[in-house]
Amino acid sequence: MKLYELGPTPSARRVSIFMAEKGIDIERVNVDLRGGENLSAEFKAKSLNGRIPLLELDDSSYLCESVAICRYLDELFPTELKLFGSTPLERAKVEMWQRIVELQGLLPAFQAFRNISGIYSDRETCIQAWGKESRKRLESFLPLLEQRLSESPYLAGENYSIADITAYILLGFIKNLQISLQPFPVLQDWYEQTRLRPAMSQPKQG
């Protein structure tokens, strides 16, 4: 197998952290996003969404979307660490919080960054007003995370999960939007504690 990625990007980081938590090591291939390598006909023939990360399987088929890749690797390399939950209720709660953090946090963060910074203005229409609105939506979401993590050690309950990996990625990314965690002491402490996990100190690829 091969994982096509650009290590520092949030989606690639999510898969890398998941793999480090599970002790999975596979070949990595760096993709030049700034240079538009992911827009080439060759890459699009492999990736349905034209994005990274992209997992090439041994039968020469491909999987895109970071959580889909994590689900596949979780099934392929079972361990005692159940990052998608271990009971029906726990799996449902992990899925619930995973979706909440993605749709109300990570997606607005990406939209804010891309539209405000204009980082990919050579290939997409950037709308400053939408970027600013997305930033406001993200700011209004953070109190929900603050409240939840004041009630529970992890988002889905007592056990660390992929939902926490996604939240960790989000909280690390918001510095690009000049959003501080200072008004959120619980989030700030949770982020610092999560940062101490061995998987977080793995070298970033790319």
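Note on numbering: residues in each chain are counted from 1, in written sequence order. Two thresholds apply to this predicted model, a pLDDT of at least 70 for residue-level local features and 80 or more for giving and counting side-chain atom pairs, whereas whole-chain, interface and lining totals are computed over all residues. Side-chain metrics rest on all non-hydrogen atoms present in the structure, leaving aside hydrogens and water.

Whenever I open this one, the environment of Arg148 confuses me. Can you help?
Strands here are runs of E lasting at least two residues and helices are runs of H or I lasting at least four, both read from the DSSP assignment and numbered beginning at the N terminus. Locating Arg148 in the fold gives a position in helix 5 (residues 128-151). Remark: the alpha-carbon pair of Arg148 and Leu187, spanning 39 residues in sequence, is separated by 9.5 Å. The contact definition used throughout considers only heavy atoms, calling two residues in contact when any of these lie within 4.5 Å. When residues no more than four places from it in sequence are discounted, the contact partners of Arg148 are Trp97, Tyr154, Leu155, Ala156 and Gly157. Within polar-contact distance, the side chain of Arg148 engages the backbone oxygen of Leu155 at 2.7 Å. Side-chain atoms alone can form a polar contact between residues adjacent in sequence; in general such a contact is a pair of N or O atoms within 3.5 Å, and within protein one must be able to donate a hydrogen while the other accepts it.

Quick question: what am I supposed to make of the packing of helix 1 (residues 10-22) against helix 4 (residues 88-117) here?
Two measures define how a pair of helices packs: the angle their axes make with one another and the distance between the axes. Axis separation between helix 1 and helix 4 bottoms out at 12 Å; the angle between their running directions is 145 degrees. Contacts between helix 1 and helix 4 involve Pro10, Ser11 and Arg14 from the first element and Gln98, Glu102, Leu106 and Phe110 from the second. Three categories are distinguished: nonpolar for Ala, Val, Leu, Ile, Met, Phe, Trp, Tyr, Cys and Pro, charged for Asp, Glu, Lys and Arg, and polar for the others, with Gly belonging to the last. Across the contact of helix 1 with helix 4, the residue classes break down as 3 nonpolar, 2 polar and 2 charged. Inter-axis angles, ranging from 0 to 180 degrees, are taken between N-to-C directions of lines fitted to C-alpha atoms, where helices are fitted over the stretch in contact.

How should I be thinking about the packing of aromatic side chains in this particular structure?
For any two aromatic rings, the description comes down to two numbers: the centre-to-centre distance and the angle of the planes. Any two rings among Phe, Tyr and Trp, with Trp reduced to its six-membered ring, count as a pair given centres within 6.5 Å; such a pair is stacked if its planes are under 30 degrees apart, edge-to-face if over 60, and tilted if neither. The final tally for this structure, using the stated rule, is 5 aromatic pairs. When the centroid spacing of 5.7 Å and the interplanar angle of 55 degrees are considered together, the rings of Phe18 and Phe84 count as tilted. Of this pair, Phe18 sits in helix 1 while Phe84 sits in the loop between helix 3 (66-76) and helix 4, placing them 66 residues apart in sequence. Exposed residues in this analysis have more than 50% of their type's maximum accessible area, buried residues have under 20%, and partly exposed residues fall in between, with area computed by a 1.4 Å probe over protein chains only. Classification of Phe18 by relative accessible area gives buried; the value is 0%. On the basis of relative accessibility, which here comes to 8%, the residue Phe84 falls in the buried class.

Just to check I follow, could you spell out the sheet that holds strand 4 (residues 62-64) for this structure?
In sheet architecture, strand pairing relies on hydrogen bonds along the backbone and comes in two forms, parallel and antiparallel. The strand order across the open sheet built from 4 strands is 2-1-3-4, with neighbouring strands paired in mixed fashion. Because the sheet does not close on itself, it has two edges, and the strands there are strand 2 (27-30) and strand 4. Taken pair by pair, the neighbouring strands of this sheet meet at an average axis angle of 20 degrees, ignoring direction. DSSP-based pairing: two strands are paired if at least 2 bridges between them are found. Looking at chain direction, strand 1 (residues 2-5) and strand 2 are connected through 4 bridges and run parallel. The residue bridging Leu3 from the neighbouring strand is Arg28, located in strand 2. Of the strands in this sheet, strand 1 and strand 2 are in contact with helix 1, which crosses strand 1 at around 145 degrees. Against the sheet, helix 3 engages strand 1, strand 3 (54-56) and strand 4, with an angle of about 125 degrees to strand 4.

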